[in-house]
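Observations on the model geometry
Here are the chains, one letter per residue:
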Amino acid sequence: MFWRRAAHGRVGFRRSLPELGLLLLATLVLLEGSVLPLGAASSPETGITPGAGVSHGHADKNHSETKHKKPFPVLGLNYDSVKTPFEISLWVLLASLMKLGFHLLPRVSSIVPESCLLIVVGLLVGGGIKLIREEVPPVLDTKLFFYCLLPPIILDAGYFLPIRPFMENLGTILMFAVVGTLWNAFFVGGFLFAVCQIPHASLSHIGLLPCLLFGSIISAVDPVAVLAVFEEIHINELLHILVFGESLLNDAVTVVLYHLFEEFSEAGTVTVLDGFLGVISFLVVALGGVLVGAFYGFVAALTSRFTYHIRVIEPLFVFVYSYMAYLSAEVFHLSGIMALIACGAVMRPYVEANISHKSHTTIKYFLKMWSSVSETLIFIFLGVATVEGPHQWNWVFVTATVILCLVSRVIGVVGLTFVINKFRMVNLTTKDQFIIAYGGLRGAIAFSLGFLLDIEHFKDMREIFLTAIITVVFFTVFVQGMTIKPLVELLAVKKKQEAKRSINEEIHTQFLDHLLTGIEDICGHYGHHHWKDKLNRFNKKYVKGFLIAGERSKEPQLIAFYHKLEMKQAIQLVESGGGSKLPSAMPSTVSMQNIQPKNQPPPPKPTERALPQLTKGREEEIRKILRSNLQRTRQRLHSYNRHTLVADPDEEGFQDIILKKQKMMELDRKIKEMANYLSVPSHPKDSPTMSRARLASDPQAYNIKLPAGGVPTIQVDLASPQSPDSVNLLDEIGKAEQKEDSGLMMKPPESNGPEKAGEKDGWRDQQKLTRCLSDPGPGAEEDEDEPFLP
Amino acid sequence: MGSSSSSLNNVPDGQQLMQETGFSAAHLLRLYERFKFLDKDNRGHLRSEDFEAVPELSENPIGDRIVGAFFLPGQETVDFSSFVRVLAHFRPTEKNRTRAGAQPEPANSRNRKLKFAFRLYDRDRDGKISRTELLQVLREMLGMQVTEEQLQSIADRAIQEADLDKDDAISFDEFRKSLEKVNIDHKMSIRFLE
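Residues numbered from 1 in each chain as written. Chains lettered and ligands numbered in written order. Predicted model: local features only at pLDDT ≥ 70, side-chain atom pairs only at ≥ 80, totals over all residues. Heavy atoms only, no water.

Once that is clear, we can look at the overall build of chain B. Secondary structure assignment for chain B yields twelve helices and two strands. Each helix (α) and strand (β) of chain B, taken in turn from the N terminus, gives the series α-α-α-α-α-α-α-α-β-α-α-β-α-α. Counting over 194 residues, chain B shows a buried share of 55%. The contacts of chain B with a sequence gap of at least 6 include a subset with a gap of at least 24, amounting to 54%. (Helix = DSSP H or I, 4+ residues; strand = E, 2+ residues; numbered from the N terminus. Buried < 20%, exposed > 50% of the residue type's maximum accessible area, 1.4 Å probe, protein only. Contact = heavy atoms within 4.5 Å.)

Structure follows, in structure tokens:
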């Protein structure tokens, strides 16, 4: 078949690529298997040779083990000392190549979710190693799992957690996480105990408490598995956040139940007091974890405020502080996962305002990279650990477990939804419930917890438990994972909307938010919006000022996205040949004259005039940017796919803009030398967004040419032959010209009409930045005294 | 709750308001108590100063618009019926309601909610949101953080998007169309008013 395809020429060649990939993978697997025994075999040898060499050196001294002189070893083999890092690297490499491989096989990956394929690979590798060495390395070591593999995934999830929908559905999520998990644990544990009592099942040695412990291990929905499967099915955001949020928050419950039952299994009995203490312990674990995480998050945000001079280590702070949060929580037996989520979510808004664009990209990429690799490794190790065992297959127990898990999940979800719907604005439909129930996947966390079980105390039970856990995990990942996609499509669940969110929607929804808050205030009801508003205001007034450096703390989201939009436009116009020539150093060539004539003809209707150079296609692009940039502020979720970063639309052009800007700044300096009464501060501490703001929209440059009643939009200026960056220069020149005309006074523009009041106020900000220190002029000072907001 | 029916008699036009707005007796009572609380001088009607006494409202960027919505055009005071009628817009929409054709559209229908919001924009009540009106709203919401140019551009683009008949203003139908994908019931309902 290979040759027949090759006969088709190009097409055949392309088709043979997957086969090549498979070959490559197979080779690597074999390599993996063979290196490890090689390592074991060579270590004793290498022990001798250097020993011989050394002892030979001491031959003249007291003892000489060997008399004959060996030739100096030109090429030696010393596998032992690099064994561990080497093997780790091999595993990581295997994981990464697997990921590559799956994308070369699109047909397979559309049917089978990646997680299943990875487990299969793990099984193969494990089987291969077992064949070669008769012994499989214990790869799913609990320490390795909980301290190395799990944190990146959780941090990635927490850092990019869509806060708003999460908070809006927090009640529902908590219900599912806490009550649902408790229900599952007790239901499964209790019924399993009943099953164990069946006389012929040879399970009677399993007591109630071990059964409950097992129930608590198996009942927790696993975030890794959920993430892996759900992101391929592109379900709507509400369901995604519900199941995912549940999987994150049930960690606290799992931790408490696990420790509780483990303690009591040794003690043998449970009293009411213990139960009560358990409840308290849960609160402590959950809230404590969140507090620890939030604390570290604030410290990280504060640190990032001062990293202006050493940008390169900014990402490091983010990662290390988060990891510290996780470890600190683990020290106190608090919920590390919740700490990590809280840390990431808390630090993100402040850190992102403080750090450079590049650091932001670095953090994004590193988090995605680590979490991808981690996830892949986890699934592979799951496969390997399955091969390793220890196993004890007990038909009754295993089947009972699987069935009970399914049943309890369904009952739990249905029952909880019934209660929850009474409190929700937007009810959960039957389809939603089905997806939530079906999406309750178990994964590696359950397996690791099972592994953690003390071998002493659970002598005969541990193997049975582990086998059952593995079976459930396999069942959920394979069966449920594979069938959820067709089922979703069958039920026609509302997929995430690729909707266009227009600027109108943005404005109006923000308006409606304010309206609703106001009405709530009038009614005297502290509703949802009121607390949100209060928190926002507190945030803006105190917290942001403290944690964010400089002027950046004042920028609302709407403006930040608008800057990006303008930036994109600027790039497009520049690329389309709108003018990439930089003005020469002489100010005379760059003057208002080039711009003013554009405004002489009466401005036609805005629909034609406003976007002169943008075709329909470009307009669509702008809208796309609008939408994608507003997702942070608005209700509508962007269903994030972990393997594809949110595209930064202006990233490509950014480099060019930066370069041009640097050139412009040099020109700035030259001009300043010429006109040294210009004491404009050079905005050294601008965030990228602020400098972009200065770049693309400068009121001075515009207001000078403002005709009465006309609307000189930004696009008009960009249509001019100068590059958008030259606006910066124009700014300087404009001031220079103004100064020549009217001494040291900065006059507000001569424009008139009803917009004047608004413009003056809009001026104030810019004037703060650009005002000549010596004499602002009376006009400007007037504006200072007027309060803008009534 | 036992005394609610007797207290309802104290509420002016209680029964009629219940029918008209769909509020339950308990809710109406609660709103009446709130009304009396706001009416500090016990006049039986509210003036704009009474509204401004609500502290959070002064921080609200569109606070004065909201207050203005309670007052019928030309009137300086708000009596309880007007108060309740405005708040009736914010009840969650009932689903699966079949109403006889003769009944007027309930205040909390989607259309009425949108119309209420529209009137907040369209202060001069000419049926359109002109560019100036939109600019005013934007200025109020975005405050000092935006330059005038940016405001103009945002307003431009908004009108450009929504304006279908090219009259440089947004009519109610255009407004409604631009919000067709937004869950208005969710955005304009207060849960406790159910």
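In this structure, A:W91, A:L150, A:F230, A:I380 and A:F397 are the most contacted members of the largest nonpolar core, which totals 143 residues. Broken down by element, this core gets its largest block of residues, 16 residues, from helix α11 (residues 237–267) of chain A. Here this core gathers at least three residues from each of two domains, domain 1 (142–491) and domain 2 (506–572) of chain A. Residue contacts for A:I380: discarding those within four places in its chain leaves A:W91, A:L94, A:A95, A:M98, A:L118, A:V121 and A:G122. One finds A:I519, B:L29, B:L114 and B:F118 within the second-largest nonpolar core, a separate group that totals 64 residues. (Core = buried A, V, L, I, M, F, W, Y, C linked by side-chain atoms within 4.5 Å. Domains from an automatic or database assignment.)

All names here are of chain B. Unlike most non-glycine residues, N42 shows phi in positive territory, near 60°. The phi dihedral of R125 is positive, around 55°, even though this residue is not glycine. Position of R125 among the secondary structure elements: in the loop between α8 (110–121) and β1 (128–130).

This next bit is on the pattern of salt bridges. In a structure, side chains of opposite charge can pair up when their charged atoms sit close to one another. Residue and element names in this part refer to chain B. For the coordinates displayed, the defined rule picks out 18 salt bridges over all chains. Note that R47 is salt-bridged to E49, the shortest N-O span being 2.9 Å. With a shortest N-O distance of 2.1 Å, R131 and D156 are connected by a salt bridge. With R131 in helix α9 (residues 131–142) and D156 in helix α10 (residues 148–162), this residue pair connects regions lying 25 residues apart in the sequence. Each member of the pair, R131 as well as D156, carries the same accessibility label: buried. (Salt bridge = Lys/Arg side-chain N within 4 Å of Asp/Glu carboxyl O.)

Glancing now at the packing of aromatic side chains. Overall, the coordinates contain 34 aromatic pairs over all chains when judged by the stated rule. A centroid spacing of 5.2 Å and a plane angle of 85° characterise the contact between A:W91 and A:F381, whose relative ring orientation is edge-to-face. Placement of the pair is A:W91 in helix α3 (residues 83–104) and A:F381 in helix α15 (residues 357–388), with a sequence separation of 290 residues. Accessibility classification places A:W91 together with A:F381 in one group, the buried group. Ring pairing ties together the aromatic residues B:Y32, B:F35, B:F51, B:F70, B:F71, B:F80 and B:F83, which thus form one cluster. (Phe/Tyr/Trp six-rings, centres within 6.5 Å; stacked < 30°, edge-to-face > 60°.)

Residues and elements named next belong to chain A. Axis separation between helix α8 (residues 170–196) and α11 bottoms out at 8 Å; the angle between their running directions is 40°. Classified by the angle their axes make, α8 and α11 are oblique. For α8 against α11, the interelement crossing comes out right-handed. For the pair formed by α8 and α11, the contact residues are L170, T172, I173, L174, F176, A177, V178, T181, L182, A185 and F186 on the first element and I241, L242, G245, E246, L249, N250, V253, L257 and F261 on the second. (Axes fitted to C-alpha atoms, helices over the stretch in contact; angles between N-to-C directions. Parallel < 35°, antiparallel > 145°, perpendicular 65-115°, else oblique. Left-handed = near helix turned anticlockwise from the far one by under 90°.)

With that settled, consider a nonpolar patch on the surface. Residues and elements named next belong to chain A. On the surface, I310, V312, I313, L316, V320 and M324 cluster together into a nonpolar patch covering about 550 Å² of accessible area. With respect to the helices, strands and loops of the structure, V312 is situated in the loop between α12 (272–305) and α13 (314–331). For V312, a relative accessible area of 72% gives the class exposed. (Patch = residues over 30% accessible without salt bridge, like charges linked within 9 Å, V, L, I, M, F, W, Y side chains within 5 Å. Areas by Shrake-Rupley, 256 points an atom, 1.4 Å probe, with all protein chains shown as cover.)

This next bit is on the side chain of A:T181. All names here are of chain A. With respect to the helices, strands and loops of the structure, T181 is situated in helix α8. Judged by relative accessible area, which is 2%, T181 ranks as buried. A polar side-chain atom of T181 sits 2.3 Å from the main-chain carbonyl oxygen of A177. Setting aside residues up to four positions removed in sequence, T181 forms contacts with F176, S219, A220, N250 and V253. (Polar contact = N/O pair within 3.5 Å; in protein donor to acceptor, adjacent residues only side chain to side chain.)

Here the focus is the side chain of A:S219. All names here are of chain A. Within the element layout of this structure, S219 appears in the loop between α9 (208–218) and α10 (223–233). Relative accessible area serves as the criterion here: at 1%, S219 is assigned to the buried category. At 3.3 Å, the side chain of S219 and the backbone oxygen of S216 are in polar contact.

Residue and element names in this part refer to chain B. Buried within helix α2 (residues 14–21) are the following residues: G14, L17 and T21. Along the long axis of α2, the arc covered by the buried residues comes to 65°, so they all point the same way. In α2, the exposed residues that point more than 90 degrees away from the buried face are Q15 and Q19. Positive backbone phi, approximately 85°, marks G22, located one or two places after α2. (Arc of directions from axis to C-beta.)

So, on to the environment of B:D163. All names here are of chain B. Mapped onto the fold, D163 is located in the loop between α10 and β2 (169–171). D163 gets classed as buried once you look at its relative accessible area, which sits at 3%. The residues contacting D163, other than those within four sequence positions of it, are D168, A169 and E174. A polar contact of 3.3 Å, which involves the side chain of D163, links it to the backbone nitrogen of K166. Polar contacts involving the side chain of D163 include one to the main-chain amide nitrogen of D167, which spans 3.1 Å.

Before going further, it helps to spend a moment on the packing of helix α6 (residues 142–159) of chain A against α10(A). Residue and element names in this part refer to chain A. At a minimum axis distance of 11 Å, the contact between α6 and α10 shows a crossing angle of 60°. The orientation of α6 with respect to α10, classified from their angle, is oblique. In the packing of α6 onto α10, the handedness of the crossing is left-handed. On α10, the residues that touch L150, I153, I154 and A157 of α6 are P223, V224 and L227. For the contact of α6 with α10, the per-class residue count stands at seven nonpolar, no polar and no charged. (Nonpolar A, V, L, I, M, F, W, Y, C, P; charged D, E, K, R; others polar.)

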